[in-house]
Amino acid sequence: MPNKIDLPYTRYLAPDGRLSGDLPAWADDFNLLTRLYRQMVLTRLFDQKAVALQRTGRIGTYAPTLGQEAIGVAIGCLMHPEDVLIPYYRDTAVQLMRGVKMEEILLYWGGDERGSAYVDPAVREDFPLCVPIATQALHACGVASAFKIRGEHRVAVTTCGDGATSKGDFLEALNVAGAWQLPVVFVVNNNQWAISVPRRIQCGAPTLAQKAIGAGFHGEQVDGNDILAVYDRMRIALERARHGKGPVLLECISYRLGDHTTADDATRYRPAEEVKQAWQEEPIKRLQTFLASQGVWDEGREQALVAECQAEVQASVDVFEAAGIQPVESVFEHVYAQWPAVLADQREMLLERAARRGGERHE
Ligand SMILES: Cc1ncc(C[n+]2csc(CCOP(=O)(O)OP(=O)(O)O)c2C)c(N)n1
Ligand SMILES: [Mg+2]
């Protein structure tokens, strides 16, 4: 008889915004809850703007974070400034909460290296977005090893999608994290799809969190559309890792409400009925309903908040558009402290080609 693995699953808010269990003590703080709500709304409005900027040719491909705001906002809110985020490409929510500027995110997706040179000291050591699937999980173990060797009470937090958990890099990272008991938290953003591959055929295990068990450390699931659940379990995961109690894998169960990226059309492979159902469970409305039921939110506050967030987003777009286009050779910057010779040759070739084209912009 195979062993059955029973992992914890946490949810406080049901999809209709009603409580589905006793709240933890920290959740009495309505200032904190409205702050989390505000940040989710800001993230969604920024996300919509980024998609619109791609559609009008002002940035390149963009990976929307629509529907996954609760996960990123909770993580970003709880990490200490001295912790390090090793993110993947769908991490607008966590980056914004950490202190990455909206204009930096737009610069990144516009192909401008300045977008990864974060100006806020609180995020200066955070990594740039990682596009190669799951490789960031290993980078996070490197960062966590450094913290451990130096005896620092800092945590490396890395994120990835459900599909990424099938990659060797991810499993190797879990292995080394468990073997060396590293201060790292793996957050799996299980949004049910890896481009057009559904979770049900992605992996034969009933949960993704149980991959941690095979590596000798703790894994659990949370409702990733319930920010109270993500906040509560992430808080404990960070605490464990920070105090030498080893890594944690937190599987946040959510849904990718948008296309995979602006280069994708999910209507070609996803049933409309499934997406419609997922909208009933989305995280922002859920917290809004709860806050309204507690008497701390109403239509007037909502309208004021949306206007304030829209102004903030527009101000960042203005900064982004005023930033100007970088010279073509800037693609070589920020990679090596000392350049290998082969890159110097390539840079020369690029400059020659740009000169032949009369300095015209390379798309
Ligand atoms: C090493 C590598 N292989 C393939 C790809 C192409 N690719 C980009 S996103 C993606 C799916 C990832 O899905 P998931 O991990 O669930 O993350 P999500 O995009 O759903 O957040 C793939 C296969 C890539 N970027 N890197
Ligand atoms: Mg996915």
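Residues numbered from 1 in each chain as written. Chains lettered and ligands numbered in written order. Predicted model: local features only at pLDDT ≥ 70, side-chain atom pairs only at ≥ 80, totals over all residues.

1. A few points about the overall build of the protein
This is how the line gets drawn: A helix here means a DSSP run of H or I that spans at least four residues, while a strand means a run of E at least two residues long, and both kinds are numbered starting from the N terminus. As defined in this context, the radius of gyration uses C-alpha atoms, and a globule is described by 2.2 Å times the residue total to the power 0.38. The exposure label follows from counting other C-beta atoms within 10 Å of a residue's C-beta, where the C-beta atoms are placed from the backbone and the thresholds are 20 or more for buried and 12 or fewer for exposed, leaving partly exposed in between. Residues are treated as contacting if the C-beta atoms built from their backbones sit within 7 Å of each other.
The number of helices and strands found in the protein is 13 helices and eight strands. The C-alpha atoms of the protein give a radius of gyration of 21 Å, which matches the 21 Å a tight globule of 363 residues would have. Taken along its principal axes, the extent of the C-alpha atoms in the protein is 65 × 50 × 40 Å. Counting only residues that meet the buried cut, the protein has 40% of its 363 residues in that class. Intrachain contacts of the protein at a sequence separation of at least 6 include 75% that bridge at least 24 residues.

2. Re the sheet that holds strand β8 (residues 248–253)
Strands belonging to one sheet form pairs held by backbone hydrogen bonds; the direction of such a pair is parallel or antiparallel. The condition that has to hold: Should DSSP find at least two bridges between two strands, the strands are taken to pair. Between N-to-C directions, angles span 0 to 180 degrees; the directions come from axes that are lines fitted to C-alpha atoms, helices contributing only their stretch in contact.
Here six strands make up an open sheet; going across it, the order is β1-β7-β8-β4-β3-β2 and the pairing parallel. The sheet is open, and its two borders are formed by β1 (9–10) and β2 (84–86), each paired with just one other strand. Bridge analysis of β2 against strand β3 (residues 156–161) gives three bridges, and the strand direction is parallel. Across the sheet, Val 84 pairs through a bridge with Ala 156, a residue of β3. Against the sheet, helix α5 (residues 135–150) contacts β2, β3 and β4 (184–190), and its axis sits at roughly 170° relative to β3. Packing of helix α9 (residues 227–242) onto the sheet brings it into contact with β1, β4, β7 (218–223) and β8, and relative to β8 it is tilted by some 170°.

3. Section: the site of ligand 1
Applied cut-off: By convention here, the C-beta atom is placed from the backbone, and a residue is near a molecule or strand when that atom is within 6 Å of it. Gly counts as polar in this scheme, as do all residues outside two lists: the nonpolar Ala, Val, Leu, Ile, Met, Phe, Trp, Tyr, Cys and Pro, and the charged Asp, Glu, Lys and Arg.
What surrounds ligand 1 is a group of 16 residues, the closest being Ile 133, Gly 161, Gly 163, Ala 164 and Ala 194. Looking at the shell around ligand 1, the elements that each hand over two or more residues are β3 and β5 (193–194). Considered class by class, the residues forming the shell around ligand 1 number eight nonpolar, five polar and three charged.

4. Considerations on the confidence of the model for the protein
This is how the line gets drawn: pLDDT expresses, on a scale from 0 to 100, how confident the predictor is about each individual residue.
In the predicted model, the protein carries a mean pLDDT of 95, and the fraction of residues at 70 or more is 98%. Here helix α13 (residues 341–356) is the element of the protein with the lowest mean pLDDT, 91, and β4 is the one with the highest, 99.

5. Here's the deal with the nonpolar core
So the rule is basically this: The nonpolar core is taken to be a set of buried Ala, Val, Leu, Ile, Met, Phe, Trp, Tyr and Cys residues joined by way of C-beta atoms within 7 Å.
Formed by 86 residues in total, the largest nonpolar core has its most connected members in Ala 74, Ala 156, Val 184, Val 185 and Val 230. Apart from the residues within four sequence positions on either side, Val 230 is in contact with Ala 70, Ile 71, Ala 74, Val 222, Gly 224 and Cys 252.

6. A closer look at the domain arrangement of the protein
Selection criterion: An automatic or database domain assignment is the source of the domain bounds shown.
Taken as a whole, the protein is organised into domain 1 (9–325) and domain 2 (327–363). With centres defined by C-alpha atoms, the gap from domain 1 to domain 2 works out at 34 Å. At the junction of the two partners, domain 1 supplies four residues and domain 2 supplies five residues. For the side of domain 1 that touches domain 2, the class distribution of residues is two nonpolar, one polar and one charged.

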